[in-house]
Amino acid sequence: MLKLTYTESSFYLECLTLSLEEWVAQRVILALRVGQSLCIEPSTASFLLPVDLPGVEVLKAEVKRDDGEIIALSACDAEYMEVTLRGSWLLDSSKDAVGVFFTTMSDRAEFFLHKLWQESQACASVMSE
């Protein structure tokens, strides 16, 4: 399962070993125990990856082969491509801009996408120094 945690200024991508059902059940139980309301709705989430990352072509092939209904790749410009995922948003209330997006796809695609995202973050931090 992939989990994207969005905040006001950034986001973080995690690859979790829990099943989607287990993770949602844990979040619902936590919300019940602390008296928090939850909103879960189907949606999409997008982020950018540099097109020159090693492995981007493998990701494109993986998407075509297995996960085309869950993940879409599109060119933004000469330097970046947009990764769009279909899944669900979990928010404290439907008006919040801060929340958690989650989706599931083949284990191989999840692992590979997570690895590419980590590499893009490492490249971005080197460039900002």
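Residues numbered from 1 in each chain as written. Predicted model: local features only at pLDDT ≥ 70, side-chain atom pairs only at ≥ 80, totals over all residues. Heavy atoms only, no water.

*Asks:* Just checking my understanding: could you explain a nonpolar patch on the surface for this structure?
*Replies:* A contiguous nonpolar patch, built from Val 28, Leu 32 and Ile 40 and spanning about 270 Å² of accessible area, is present on the exposed surface. In this fold, Leu 32 is placed in helix α1 (residues 20–34). Looking at Leu 32, the relative accessible area reads 67%, which means it is exposed. (Patch = residues over 30% accessible without salt bridge, like charges linked within 9 Å, V, L, I, M, F, W, Y side chains within 5 Å. Areas by Shrake-Rupley, 256 points an atom, 1.4 Å probe, with all protein chains shown as cover. Salt bridge = Lys/Arg side-chain N within 4 Å of Asp/Glu carboxyl O. Helix = DSSP H or I, 4+ residues; strand = E, 2+ residues; numbered from the N terminus. Buried < 20%, exposed > 50% of the residue type's maximum accessible area, 1.4 Å probe, protein only.)

*Asks:* What should I look at first to understand the pattern of salt bridges in this one?
*Replies:* Where charged atoms from two side chains of opposite charge come close, those side chains can pair. Summed over the entire model, instances satisfying the criterion amount to three salt bridges. Here Glu 14 makes a salt bridge to Lys 3, at a shortest N to O gap of 3.1 Å. With Glu 14 in strand β2 (residues 11–15) and Lys 3 in strand β1 (residues 2–6), this residue pair connects regions lying 11 residues apart in the sequence. Given the relative accessible area of 13%, Lys 3 is considered buried. Salt-bridge contacts for Glu 57 lead to Lys 60; the nearest nitrogen and oxygen are separated by 3.4 Å. One end of the pair is Glu 57 and the other is Lys 60, both in helix α2 (residues 56–67) and three residues apart, which spans about a single turn.

*Asks:* It is not clear to me how the nonpolar core should be interpreted in this structure. Could you clarify?
*Replies:* What tends to happen in soluble globular proteins is that the nonpolar side chains get buried as a cluster. Leu 4, Phe 47, Leu 49, Leu 59, Val 83, Leu 85 and Leu 113 are the most contacted members of the largest nonpolar core, which totals 24 residues. At the level of elements, β1, β3 (39–50), α2, β5 (80–91) and α3 (107–128) are the ones that each hand at least two residues to this core. In contact with Leu 113, other than residues within four places in its own chain, are Leu 2, Leu 13, Phe 47, Leu 49, Leu 59, Ile 71, Val 83 and Leu 85. One finds Met 1, Trp 23, Val 24 and Leu 90 within the second-largest nonpolar core, a separate group that totals six residues. (Core = buried A, V, L, I, M, F, W, Y, C linked by side-chain atoms within 4.5 Å. Contact = heavy atoms within 4.5 Å.)

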